[in-house]
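What follows is the residue order along each chain.
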Amino acid sequence: MKKLILILLLPLIFFSCGEEVLTQNTQNEGYTSSTIESQEVSTCSQFTFRKPPVDILYVIDNSGSTLASSFQSIKGEIQKTIETVSGDFDYHIYVAPLNPGPTDSIQGYPLIVSDPNSIPSIASVNMTNSDSLEMFADASGNNNEFGFERVKNIINYNRSNGIFRDDANTIVVMISNGDDTQTKKTLNGNIVDNPDYPYSTVLNEFKKFTKVYSNGSSEENLLKSRMFRFISVVANSSCNGWKKGETYQRLSRDLYEYQGLTDNDKKDVLDLCSQNYASLFSVVNNSIQAVIDGHKYDHWKISSASESEIQTDDIQIFKLSKNGVKTEILPGTENGFEYIGYKSNQRLNYEPADKVETDSGLMVKLHGEARVSHPDCIIAKTRTPTEYFGYVALPRDPELTSVKIEIDGKAFPQSGSNGWSYLGWRDTLNIKVPGPTDAAVTPPVNKSGYFLQLHGDAIFTNGQTIKVFYKAKPN
């Protein structure tokens, strides 16, 4: 029978090439085992858009001078501005008279809300709507106008019922045809600053409502308004016999500048004499920013592969910050990552509590400073596992004296230490072995044939080329 020389390699290989003829009539084939493949996945943290909370307080002058028809028409126009508050806001609108009547309740004035669920107890407030709103037609008060004190009291007494919320945008609209009298006193016929209640005290008390103040203060129970505006709708000059609201205007400008606002060249002063109020809230609507509630994570998905498809001890995790700084997160349970394998429907974020993100796949748990917050991103690098192969399957029973094995061009002899030995026929055999790193032998690569077993340095791994030359035994 004609002698046949075959050159074979494992069937998990993807590349073949011809070789030079070694001896007359010799044929050979060469193959390279699959290389290790790296994968890189970049994913970013998420956020939830929430309507910004906006708490608006209308304080409307109800002194005797406001009963004139000119002021009544103004109140009608002011009422229309309520409808111009942006529908993108989670708003509370509270309407109170400047001067309380003898039976008025500071917590019982009309309240309009965009979402009733934003009030802890609806029974504790006087909920209404813009169509049913009345702008306090009855006159009350006298020549004294304690406008600043009135605003402070209304806000402070309506925090516990949820009307004025911490960390909201707070807008006060003071509508008056007079001016605050508590910060002034008459001395020898002249109006001068009141040393017992100076304007500087008023300004400091209103600054305490702002987040700018709270950021630098250790005081407790502050309102922490993201933006606190005191909009003065007062006479900017003498008109209709009204008094110029100089002190109200002053507070509007001073609070505007204190918070570093730049959106209104009038600095929140509107002229009551102009009777042009259609744009009262246009500046406010444009200046209030949407609330971006960034999510925070202590788990992260690094791959959609199965656990056997990656080298689990060679995972690299990098955090990419919003300014482009890339920082490696090292393995560790204090300020690093911990590989926890495949998880199904694993919750990824721990905040906010009402927005749950889940996913299924290979996961890491993030500890301490390794945890991620919006807008950070994570770059996860994985690779296919290192595999070792310790057997070669031949389709024909070889003449052992003719067998030659080369791995990457290096010949290996028949040897039980760093070479090969003959195993014989097997119906099925997993050709993967643990190798020097005790690698997994699953998933198996099962073959059948006449097997050569490899030993020591002859065991080959990913990306190596193996050639087997042999003569088959005659039938």
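In this text the structure is predicted, and so the values were computed from the model without any measurement.

1. Quick notes on the packing of helix α3 (residues 199-207) against helix α5 (residues 246-258)
- In the contact formed by α3 and α5, the axes pass within 11 Å of each other and the chain directions differ by 45°. As summarised for this structure, α3 and α5 are arranged oblique, according to the angle between their axes. As α3 packs across α5, the resulting crossing turns out to be right-handed. Here α3 contributes Tyr199, Leu203, Phe206 and Lys207 to the contact with α5, which in turn contributes Thr247, Arg250, Leu251, Asp254, Leu255 and Tyr258.
- Looking at side-chain class alone, the contact of α3 with α5 contains 6 nonpolar, 1 polar and 3 charged residues.

2. A short note on the confidence of the model for the protein chain
- Here the protein chain shows a mean pLDDT of 86. Residues at 70 or above account for 89%.
- Predicted confidence in the protein chain is weakest over strand β2 (residues 13-17), with a mean pLDDT of 38, and strongest over strand β16 (residues 296-297), with 98.
- Segment residues 1-27: pLDDT under 50, and 63 contacts once partners within four positions in sequence are set aside and those in other chains are kept.

3. Thoughts on the state of the cysteines
- Inspection of the entire model under this criterion finds 1 disulfide.
- Here cysteine 44 is linked by a disulfide to cysteine 377, with a sulfur-sulfur distance of 1.9 Å. Between cysteine 44 and cysteine 377, the disulfide has an S-S torsion of 95° and is therefore right-handed. Here cysteine 44, found in strand β4 (residues 38-44), pairs with cysteine 377, found in strand β24 (residues 377-383); they are 333 residues apart in sequence, far enough to count as distant.
- Under the relative-accessibility criterion, cysteine 44 is labelled partly exposed at 37%.

4. Quick notes on α3
- For α3, the set of buried residues is Tyr199, Val202, Leu203 and Phe206. Looking straight down α3, one finds its buried side chains confined to an arc of 95°; they lie on one side.
- On its buried side, α3 packs onto α2 (147-157), β13 (227-234) and α5.

5. With respect to the pairing of strand β6 (residues 53-60)
- The element β6 is largely enclosed, with a buried count of 8 among its 8 residues.
- Two strands pair when backbone bridges link them, and β6 and strand β7 (residues 90-97) are joined in this way by 8 bridges, in the parallel orientation. Bridging across to β7, isoleucine 60 finds its partner in proline 97.
- The sheet contact formed by β6 and strand β10 (residues 169-176) spans 7 bridges and is parallel. Each residue of the ladder has a partner; that of tyrosine 58, found in β10, is valine 173.

6. Remarks on the environment of valine 284
- For valine 284, the position within the fold is in helix α6 (residues 282-287).
- Sequence separation of valine 284 and aspartate 263 is 21 residues, and the distance between their C-alpha atoms is 8.5 Å.
- Look past the residues within four positions of valine 284 in its chain and what remains in contact with it is Phe89, Ile171, Arg229 and Ile231.

7. With respect to the side chain of serine 214
- Tracing the backbone shows serine 214 in helix α4 (residues 211-215).
- Polar contacts involving the side chain of serine 214 include one to the main-chain carbonyl oxygen of lysine 211, which spans 3.0 Å.
- If we skip the residues at most four places from it in the chain, serine 214 touches Leu222 and Lys224.

So, how was this worked out
Residues numbered from 1 in each chain as written. Predicted model: local features only at pLDDT ≥ 70, side-chain atom pairs only at ≥ 80, totals over all residues. Heavy atoms only, no water. Axes fitted to C-alpha atoms, helices over the stretch in contact; angles between N-to-C directions. Helix = DSSP H or I, 4+ residues; strand = E, 2+ residues; numbered from the N terminus. Parallel < 35°, antiparallel > 145°, perpendicular 65-115°, else oblique. Left-handed = near helix turned anticlockwise from the far one by under 90°. Contact = heavy atoms within 4.5 Å. Nonpolar A, V, L, I, M, F, W, Y, C, P; charged D, E, K, R; others polar. pLDDT = per-residue confidence, 0-100. Disulfide = S-S within 2.5 Å. Buried < 20%, exposed > 50% of the residue type's maximum accessible area, 1.4 Å probe, protein only. Arc of directions from axis to C-beta. Pairing = 2+ DSSP bridges. Polar contact = N/O pair within 3.5 Å; in protein donor to acceptor, adjacent residues only side chain to side chain.

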